[in-house]
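Survey of secondary and tertiary structure
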Amino acid sequence: MTEPSTADVAESVDAPVMGDPVPGDPVPGDLGSAERVLRRDDTSAVLRLSEAEAAVLAGDPDDPPTGTADDQRMILNMGPSHPSTHGVLRLMLEMEGETVLRSKPVIGYLHTGMEKTAEDLTYLQGPTNVTRMDYAAPLFSELSFSLAVEQLLGLEVPPRATWIRMLMCELNRAASHLLFQATNGMDVGAVSMMIYGWREREEVLRFFEKVTGLRMNHNYIRPGGVAADLPDGWQDDVRRLLELIPPRLDEYDTLLTGQPIFRERLQGVGVMTPAEALALSATGPILRSTGYAWDLRRDQPYLAYDEVEFDVIVGTHGDAFDRYAIRLNEIRESLRIVEQILDLMPDGDYRTQDKKVTPPPRARIDESMEALIHHFKIFTEGFHVPEGETYAAVESPRGELGCYLVSDGGPKPYRMHIRGPSFVNLQTLPHLMEGGLIADGVAVISSVDPIMGEVDR
Amino acid sequence: MSDEQVEEGATADEAVEAPTGPTAYGVPVVDASGQEVLHPSPDTWLETVTALKDDGFCMAIDVTAVDYSAHPGRTDLPDGVQPERFEVVASFIRHDDGRRVRLRAQVPESDPVVPSLFDLFPGTEAMEREAFDLVGVRFEGHPDPTRILMPEDWNGHPLRRDVAMGRIPVQFKDAPAPR
């Protein structure tokens, strides 16, 4: 076996790894030009074509249009049920031969009106709804929703709850990036990677199941804290993960990072400059792959991220390979944070003792009529949240995940809006795919790592 | 031509707002639980965002809209800002000091239009389409003002408060046997 080629990643990404927070200089040097993404006419990379117009263009299927030899352009439909479109993403592609000219992501196939549903659920029920958005990283949606509710309530969360949230979120980030490794590998032809990524993710999900009762859609992080304390012996389970996963990541390095076919498939594919990423509001690994060091955990610390040490991983070329390498190394950074949390986890309550949002303990209900009424009120009517509006953002594995919450003073949100990083990042697709081959398009879609549950909500 | 009108409109607004509260970028500003919220009107929307962009705000984080028709008597607006049925909410961030601002523009039901931010921040394209699709506020000058999440032939805008919550009836008894 060859030595794990971590150095290879560092070399190819040029590893300008940012250590201490250096506010004011997220990127060294030139941001490049955003001209390419500002075009709005026919030269734009975005194909602005409606269904009706596409139908007219396509004409009668029994009587295909006979173009001249020069006119080799065609509109090609890809998806929504295409194995490499990650769920139900559909692309309208304008092709010339095998080259993609313009394209348009068509979304909404998974739209279930979750923002509308949120208006009919109490604040305590809210996390059950948002957790179904980004199903690969459900804890982050729960977290941003809970943070927003707590901001409106003016509620302090006990330290242990904060650290449990951090532990779970970092493991979730690792699980989500492991899933990316699996799907990305499969999309570009390293099919065995599918099994390996899934295998490691399963180990993390097993821990989640032990803590939250569920492998996905946990409803674990709730306004006021978390649903339950960590089970006895959780340290052993976490240590087992910390021993198990890093050697497997080194195996990924052997299998993928240093492998010429894999690199050939990703390097130089789907390139973007920092200015373009900023103009398109892209966040997360897509923005960082351009060399722009912006990570909310470091730059606008929430929870207790200012008390742990970790590096923000950035790329240099803004291509699909950098996005792969960033996610791989972010797993390592997440595990590094988890390791520190093992030592730093404080004792105490796992949820706030504010009686307004926390039901009385079970034993009290047997003794006290008031406790019973209180319990009943919290779970039927729900607790009231003061009038106001707020926005809470967290760094999810895909970028900035924000929750905009409006309260009219009642027990249910007046309006809840999730700023989904997948939804916004999807706008980069036409620009990343422009001028490339359709086969590279598959690598590009994969490197953006959209989760359609969050795109369509 | 329209520039002058906008200027006039802006000064007229300021004349009303002048004696009240603090302003930033020429529009009223309030502090909402530690977050900076600006209240431009649809007329000053584009100017305010341009001023923000010139001041180093490099990324449009979010654009969304709220229908306030079921929440009369709001108290979180600064003096001089008339509540309207719709509100367009946009967030921006500056990376050199991490400062965030949120813009809330009151948009009347009779003319639910605000200028599109596409030429300043092309990343708002999908967000504005979503706000149009779900709440029905139009963004003037948007390159592709079509529905994004709902089907193209859908009628109405589901996140408006006068659209009923959909429900699937749950049958508890006398349900037909599975076979």
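Residues numbered from 1 in each chain as written. Chains lettered and ligands numbered in written order. Predicted model: local features only at pLDDT ≥ 70, side-chain atom pairs only at ≥ 80, totals over all residues. Heavy atoms only, no water.

Across its full length, chain B carries 3 helices and 8 strands. Walking chain B from its N terminus toward its C terminus, one meets helices and strands in the order α-β-β-β-α-β-β-β-β-α-β. Out of the 179 residues in chain B, the part that is buried amounts to 50%. Within chain B, contacts between residues separated by at least 24 positions form 57% of all contacts whose residues are at least 6 apart in sequence. Carbon and sulfur atoms make up 52% of the accessible area of chain B, which totals about 8800 Å². (Helix = DSSP H or I, 4+ residues; strand = E, 2+ residues; numbered from the N terminus. Buried < 20%, exposed > 50% of the residue type's maximum accessible area, 1.4 Å probe, protein only. Contact = heavy atoms within 4.5 Å. Areas by Shrake-Rupley, 256 points an atom, 1.4 Å probe, with all protein chains shown as cover.)

This paragraph deals with helix 3 (residues 124-135) of chain B. Helix length check: helix 3 of chain B, at 12 residues, gives a terminal C-alpha distance of 16 Å against a target of 16 Å (1.5 Å per residue), a fit within 8%. B:Gly136 sits one or two positions beyond helix 3 of chain B and adopts a positive phi of about 90°. (Expected span 1.5 Å × (residues − 1).)

Turning next to the pairing of strand 5 (residues 86-93) of chain B. Residues and elements named next belong to chain B. Counting buried residues along strand 5, 8 of its 8 residues qualify, which places the element largely inside the surrounding structure. Residues Phe86, Val88, Ala90 and Phe92 point to one face of strand 5 and Glu87, Val89, Ser91 and Ile93 to the other, with burial holding for every one of them. Bridge analysis of strand 4 (residues 59-67) against strand 5 gives 8 bridges, and the strand direction is antiparallel. Residue Ala65 lies in a different strand from strand 5, and its bridge partner there is Val88. One ladder, built from 8 bridges, connects strand 5 with strand 6 (residues 100-107); its direction is antiparallel. Within strand 6, the position partnered with Glu87 by the bridge is Gln106. As consecutive antiparallel partners, strand 5 and strand 6 are separated by 6 residues, and within that stretch Gly98 has a phi angle of approximately 70°, a positive value. (Pairing = 2+ DSSP bridges.)

On to the interface of chain A and chain B, then. If you look at the interface, chain A gives 55 residues, while chain B gives 61 residues. Taking both sides of the interface into account, the surface hidden between chain A and chain B amounts to around 4500 Å²; carbon and sulfur atoms contribute 51%. For chain A, the biggest contributors to the area lost against chain B are A:Arg40, A:Lys116 and A:Tyr414; these three give 16% of the whole. At the boundary of chain A and chain B, one finds 6 salt bridges. For A:Glu119, the salt bridge identified is with B:Arg161, shortest N-O distance 3.3 Å. Where chain A packs against chain B, one counts 29 residue pairs in polar contact (both at pLDDT 80 or more). Among the residues forming the side of chain A that touches chain B, the class breakdown is 24 nonpolar, 14 polar and 17 charged. (Buried area = accessible area lost by both parts, 1.4 Å probe. Salt bridge = Lys/Arg side-chain N within 4 Å of Asp/Glu carboxyl O. Polar contact = N/O pair within 3.5 Å; in protein donor to acceptor, adjacent residues only side chain to side chain. Nonpolar A, V, L, I, M, F, W, Y, C, P; charged D, E, K, R; others polar.)

So, on to the confidence of the model for chain B. Predicted confidence across chain B gives a mean pLDDT of 81, with 85% of residues reaching 70 or more. With pLDDT under 50 throughout, residues 1-19 of chain B is counted as low confidence; its partners more than four residues away or in other chains account for 7 contacts. (pLDDT = per-residue confidence, 0-100.)

Residue and element names in this part refer to chain A. Spatially, the 3 strands line up as an open sheet ordered 1-2-3, and their pairing is antiparallel. With one partner strand each, in any of the chains shown, strand 1 (73-78) and strand 3 (99-106) form the two edges of the open sheet. Pairs of neighbouring strands in the sheet enclose a mean axial angle of 20°, with direction left out of account. Strand direction decides the pairing type here: strand 2 (residues 90-96) and strand 3, joined by 7 bridges, are antiparallel. For Met95, the partnering residue across the bridge sits in strand 3 and is Val100. (Axes fitted to C-alpha atoms, helices over the stretch in contact; angles between N-to-C directions.)

So, on to the sheet that holds strand 6 (residues 388-396) of chain A. Residue and element names in this part refer to chain A. Pairing within the open sheet is antiparallel, and its 3 strands lie in the order 6-7-8. Here the strands that pair on one side only, and so sit at the sheet edges, are strand 6 and strand 8 (415-419). In this sheet, neighbouring strand axes are inclined to one another by 15° on average, regardless of whether the strands run parallel or antiparallel. Of the pairings in the sheet, the one linking strand 6 to strand 7 (residues 399-407) comprises 9 bridges and is antiparallel in character.

Further remarks concern unusual backbone geometry. All names here are of chain A. At Asn219, a residue that is not glycine, the phi angle is positive and equals roughly 50°. Relative to the elements of secondary structure, Asn219 occurs in the loop between helix 8 (192-212) and strand 4 (221-222). Of note, Ser281 is a non-glycine position whose phi angle comes to about 60°, a positive value. Mapped onto the secondary structure, Ser281 falls in the loop between helix 11 (274-279) and helix 12 (285-289). The exposure class assigned to Ser281 is buried, which follows from its relative accessible area of 0%.

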